[in-house]
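# Survey of secondary and tertiary structure
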Amino acid sequence: MKILVFVKQVPDTEALVEALDDSSLKVEEKFEMSFFDTLAVEEALRLKEKHGGTVTAVTVGPERAGEVLRTCLALGADSVFRIWDEALAPVVTDVFTDSLSVARVLAAVAKHLGFDLILCGKQALDDDAAAVGVMTAALLEIPFVTAVTSVKAEEGSIRVKQKRDGAEREIKCELPALLSAEKGLNEPRQPQVMKVMKAARAKIDAMDLAALKIQADAIISTVKPVSFTVPDKARSISIIEGEPADAAAELVRRLREERQAL
Amino acid sequence: MDFAYTEEQKFFQKVVADMVEKVVEPKAEALDESDDFDHDLFREVGGLGYYGLRYPEDVGGMDVDTQTFAIFIEEMAHGSFGFATAAMMQCLMGTHFLHRFGSEDIIERLFKPAIRGEKISCIAFTEETSGSDITGTRTIAKQDGDEWILNGKKMWITNGPIADFVTVLATTDPALKTKGLNFFLVEKGMEGFTYGQVLHKLGARGTVTGEIIFNDVRLPADHLLGEEVNKGMEYMQEVLEEIRLMTAALALGLARAALEDAREYARVREAFGKVIGKYQLIRSKFGECWTEFEAAKLLVQKVAWMIQNKIPCGNEAAMAKMFATEMCLKAVDEATRIYGGNAFAQEYPVQRYFRDARFLLYGGGTHEVLKNFLGSRYIGRL
Ligand SMILES: Cc1cc2nc3c(=O)[nH]c(=O)nc-3n(C[C@H](O)[C@H](O)[C@H](O)COP(=O)(O)OP(=O)(O)OC[C@H]3O[C@@H](n4cnc5c(N)ncnc54)[C@H](O)[C@@H]3O)c2cc1C
């Protein structure tokens, strides 16, 4: 089985994000692979180990994004591709991704490389857009199943489960297809040092739009961030006094009425 | 001159930090509380290949440079100091002499499984009546035909009571002082090899540390780890710089953990209407500790570079160990001040860092001994 995995480099969950002014953010130089993508990579490797085939990881991003591909190699991916082009700079920044542009690029990569199955995370941890996977599937005109929690390959098809709040749905889907990974799908492995050292020395090549036969002017974002507002720095802590039952009732009231959290 | 990590070292650091955060750190508190050895964790980290970092590929190692090895030790100490001491033992002191002098049988049967995390190793210098002064070694080895007979007791042996094999420092004759020392390999299950008291430690918990006893233990000829008899002191010198360097790397990791936690606390804890990170007296603590951390790190990098390039660095390695340790002791102390009373609660990790740091004073040479050594080197022969 020829498996492609789409991975995205996102700011580390502990990276400091500062607002320089109301229309630009500065992100601390700390990046990692988006959490749901790590599940997609792991699942691809498990499918390969069980059924044979190859795993190829792809990312769209500047040079620093090559690091997530190195991680994929360390984990056991057979090959990796980083797609970058100056024309992509305005639509893929540290703090904003135009999903449709990225989906166009990834669909072209998928056609270029060929595949039986594509895996990606159900959403990126930075913008939570949950859009690139479904858009790419639409552009490729292949089935898409979101937020899968188990994957079983069969002859020419795939059986997946989606588990949510204790309920479970099983779906059968013809290949080729694109699946997005949900928490609980697997427990990603830690890489073997031997592979880490090899991956550390690997050259990560970049492909540009011309190599994918995409016209630069096809990458035009119609979606642009206009302003950013950062959350209140120190949310005050309040302690609700009184009998436990009364305090709990008051907590529920505040969550419901003041925070609209329930 | 280039102070930056190579791209490979940067990537390695990131991978290790991630592994430590996910695999090691979640167990740090339990290791400290129980002071038990976590066999599963030990095997898991070994299974990934980390214990073979400094050994060549032909024996199953990774053949990484000294700086890369130091990065591993630093990151481990950042996650769990106690476990880091066990990992360092396995990577370095516990296996070094087997690799250097072991017969093919020893390499296959003990060394290779050890660097895969399947066997536990340890090293035994210290005795009840001798620590810094290894010429006080009373564990005695007598030759008997082709074999050796070992008698004595060792104290303070990290993982001694649970080890599958021990590298033991013993003398053929106490009167020969440093010229009578040798390393011997003793295996679990050998007749006459037992363990005694297990110590309850202040810090660096999560290893089984205690006494091991040799009572007429018979050793085959290839269990003398050395090409010649009575050359143990020389063999020890070959690896001493690296042991001191890695002890300094432990200090870097622990100091960083303490400073990062303290920084987090200083960012959110309020007093007199402001977060405490806004007070100059709190900032000055970070100003000093951060500076000293960077200085210690530079010493570590320099010594790693010297060892890698086979430049003698006995002095610099002693300095790195001592300076990094003192820096770490200050960092954990300041962290406990920044945390206020919460530093005194078992519920926060700062008290653990504070206790762990004390170990650094003894492992790799006490500072009284190191200062004496460096002072005499500097002044020269009188
Ligand atoms: C957690 C832990 C784990 C350990 N694990 C191991 C292990 O795995 N294997 C092992 O062999 N050992 C181990 N040790 C022992 C450690 O190596 C010794 O504690 C260390 O070598 C110091 O020896 P000592 O404790 O006997 O102190 P001593 O040497 O008795 O020193 C006592 C005091 O006298 C001072 N002193 C000694 N000589 C001089 C001098 N010439 N001039 C001035 N002052 C001097 C010292 O600095 C110290 O202040 C461990 C110790 C600890 C705490």
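Each chain carries its own residue numbering, running from 1 in the direction its sequence is written. All chains are assigned letters beginning with A, and all ligands numbers beginning with 1, in the order in which they are written. With pLDDT at 70 or above as the cut-off, local features in this predicted model cover only qualifying residues; side-chain atom pairs require 80 or more to be listed or tallied, and sums for whole chains, interfaces and linings still use all residues. Water and hydrogen atoms play no part in the side-chain values, which are based on all heavy atoms of the structure.

## Re the sheet that holds strand β8 (residues 117–121) of chain A
Residues and elements named next belong to chain A. In plain terms, the rule: Note on pairing: DSSP must find at least two bridges between two strands before they are called paired. Secondary structure elements are taken from DSSP: a helix is a run of H or I of four residues or more, a strand is a run of E of two residues or more, and numbering for both begins at the N terminus. Throughout, a contact is declared for two residues whenever any of their heavy atoms are within 4.5 Å. Note on geometry: axes are C-alpha line fits, over the in-contact stretch for helices, and angles between N-to-C directions span 0 to 180 degrees.
With parallel pairing, the 7 strands of this open sheet are ordered in space as β9-β13-β8-β1-β6-β7-β14. Of all strands in the sheet, those with a lone pairing partner are β9 (144–148) and β14 (206–207), marking the two edges. Sheet topology places β8 next to strand β13 (residues 177–181); 5 bridges connect them, and they run parallel. Bridge pairing in β13 links Gly-121 to Ala-181. Across the sheet, helix α1 (residues 35–51) is in contact with β1 (2–6), β6 (54–60), β8 and β13; its angle to β8 comes to roughly 150°. Sheet strands in contact with helix α2 (residues 66–75) are β6 and β7 (79–83), and its direction is about 170° off that of β7.

## Brief notes about the site of the ligand
All names here are of chain B. The cut-off we apply is this: Each residue is tested against the molecule or strand, and it is near if at least one of its non-hydrogen atoms lies within 4 Å. Any pair of nitrogen or oxygen atoms within 3.5 Å is treated as a polar contact; in protein, a donor-acceptor pairing is required on top of that, and neighbouring residues in sequence qualify only through side-chain atoms on both sides. Here the Shrake-Rupley method, with its probe set to 1.4 Å, supplies the accessible areas, and only the displayed protein chains count as covering residues. Any residue with an atom within 4 Å of a point lines the site, the site being either a cavity, points on a 1 Å grid over the protein atoms alone where a 1.4 Å probe fits but cannot get out, or a pocket, an open set with protein on both sides within 12 Å along at least 5 of 7 lines. By definition, a pocket or cavity contains a molecule when more than half of the molecule's atoms lie within 2 Å of the pocket's grid points.
Around the ligand, the structure places 16 residues, and the nearest of them are Thr-126, Ser-132, Trp-156, Thr-366 and Glu-368. Ile-123 is positioned such that a nitrogen or oxygen atom in its backbone is 3.0 Å from a nitrogen atom of the ligand. Contact distances for the ligand include 2.6 Å between an oxygen atom and a side-chain N or O atom of Glu-368. For the ligand, the protein covers 63% of the area, taking 970 Å² as the surface of the free molecule. Put simply, the ligand lies in the second largest pocket.

## Let's talk about the side chain of Glu-182 of chain A
Residue and element names in this part refer to chain A. Rules: Type-normalised accessible area, obtained with a 1.4 Å probe on protein chains alone, sets the label of each residue: buried when under 20%, exposed when over 50%, and partly exposed for intermediate values.
Topologically, Glu-182 is positioned in the loop between β13 and α5 (193–201). Owing to a relative accessible area of 14%, Glu-182 belongs among the buried residues under this scheme. Once residues lying within four places of it in the same chain are set aside, the contact partners of Glu-182 are Phe-36, Leu-39, Lys-122, Ala-147, Val-148 and Thr-149.

## Description of empty space enclosed by the protein
Residue and element names in this part refer to chain B. We count it as follows: Grid points are joined across faces, edges and corners, and a volume is the space filled by probe spheres set on the points. For this classification, the nonpolar set comprises Ala, Val, Leu, Ile, Met, Phe, Trp, Tyr, Cys and Pro, the charged set comprises Asp, Glu, Lys and Arg, and every other residue, Gly included, is treated as polar.
A complete count under the given rule lists 1 cavity of 30 Å³ or more for this structure. Roughly 40 Å³ of internal volume is contained in the largest cavity. Considering the residues around the largest cavity, the lining is formed by Ala-28, Leu-31, Asp-32, Ser-80, Phe-81, Gly-82, Ala-204, Arg-205, Arg-352 and Asp-356. Elements that contribute at least two residues to the lining of the largest cavity include exactly α2 (28–34), α5 (81–91) and α11 (350–359). It is α2 that contributes the most residues to the lining of the largest cavity, 3 residues altogether. In terms of residue class, the lining of the largest cavity is built from 4 nonpolar, 2 polar and 4 charged.

## Overview of the pattern of salt bridges
Our working rule: The working definition used for a salt bridge is a side-chain nitrogen of Lys or Arg within 4 Å of a carboxyl oxygen of Asp or Glu.
Within this structure, the stated rule accounts for 46 salt bridges over all chains. Two residues, Asp-126 of chain A and Lys-8 of chain A, come together in a salt bridge whose shortest N-O distance is 3.1 Å. Here the residue Asp-126 of chain A occupies a position in the loop between β8 and α4 (132–140), and Lys-8 of chain A occupies one in the loop between β1 and β2 (9–11), the gap between them amounting to 118 residues. A residue is classified by how much of its surface remains accessible, and Asp-126 of chain A, at 34% relative accessible area, is partly exposed. The residue Lys-22 of chain B makes a salt bridge to Asp-18 of chain B at a minimum N-O spacing of 2.8 Å. Taken together, the positions of Lys-22 of chain B and Asp-18 of chain B, both in helix α1 (residues 7–24) and 4 residues apart, correspond to about one turn of that helix.

## Notes on the domain arrangement of chain A
We count it as follows: Segmentation of the chain into domains, including their bounds, is taken from an automatic or database domain assignment.
For chain A, the domain assignment lists domain 1 (2–219) and domain 2 (234–262). One C-alpha centre belongs to domain 1 of chain A, the other to domain 2 of chain A, and the line joining them spans 40 Å.

## Side note on the interface of chain A and chain B
Chain A puts 18 residues into the contact, and the matching count from chain B is 19 residues. The interface formed by chain A and chain B contains 2 salt bridges. The partner of Lys-14 of chain B in a salt bridge is Glu-67 of chain A, with the nearest N and O atoms 2.9 Å apart. The interface formed by chain A and chain B includes 4 residue pairs in polar contact (both at pLDDT 80 or more). Elements represented by at least two residues in the side of chain A that touches chain B include exactly β5 (31–33), α2 and α5 of chain A. Broken down by element, the side of chain A that touches chain B gets its largest block of residues, 7 residues, from α5 of chain A.

## Focus on the sheet that holds strand β12 (residues 167–174) of chain A
Residues and elements named next belong to chain A. A sheet is described by the order of its strands in space; here 3 strands give the open sequence β10-β11-β12, paired in antiparallel fashion. Strands at the two margins of the open sheet, each flanked by one partner only, are β10 (150–154) and β12. The mean inter-strand angle of the sheet, taken between neighbouring strand axes irrespective of direction, is 15°. As judged from the 8 bridges shared by strand β11 (residues 157–164) and β12, these two strands associate in the antiparallel manner. Considered in β12, the bridge of Lys-161 is made with Glu-170.

## Some thoughts on the nonpolar core
Let me state the cut-off plainly: For the purposes of this section, nonpolar cores are sets of buried Ala, Val, Leu, Ile, Met, Phe, Trp, Tyr and Cys residues that join through side-chain atoms within 4.5 Å.
Counting residues in each nonpolar core, the largest one holds 149 residues, and the members touching the most others are Phe-12, Met-19, Tyr-50, Phe-72 and Met-76 of chain B. If one sorts the elements of this core by residue count, helix α8 (residues 232–268) of chain B sits on top with 20 residues. Not counting residues within four places of it along the chain, the set of residues in contact with Met-19 of chain B comprises Gln-190 of chain A together with Val-24, Val-45, Leu-48, Tyr-50, Phe-72 and Met-76 of chain B. Residues Leu-4, Val-60, Ala-110 and Met-207 of chain A belong to the second largest nonpolar core, which totals 29 residues.

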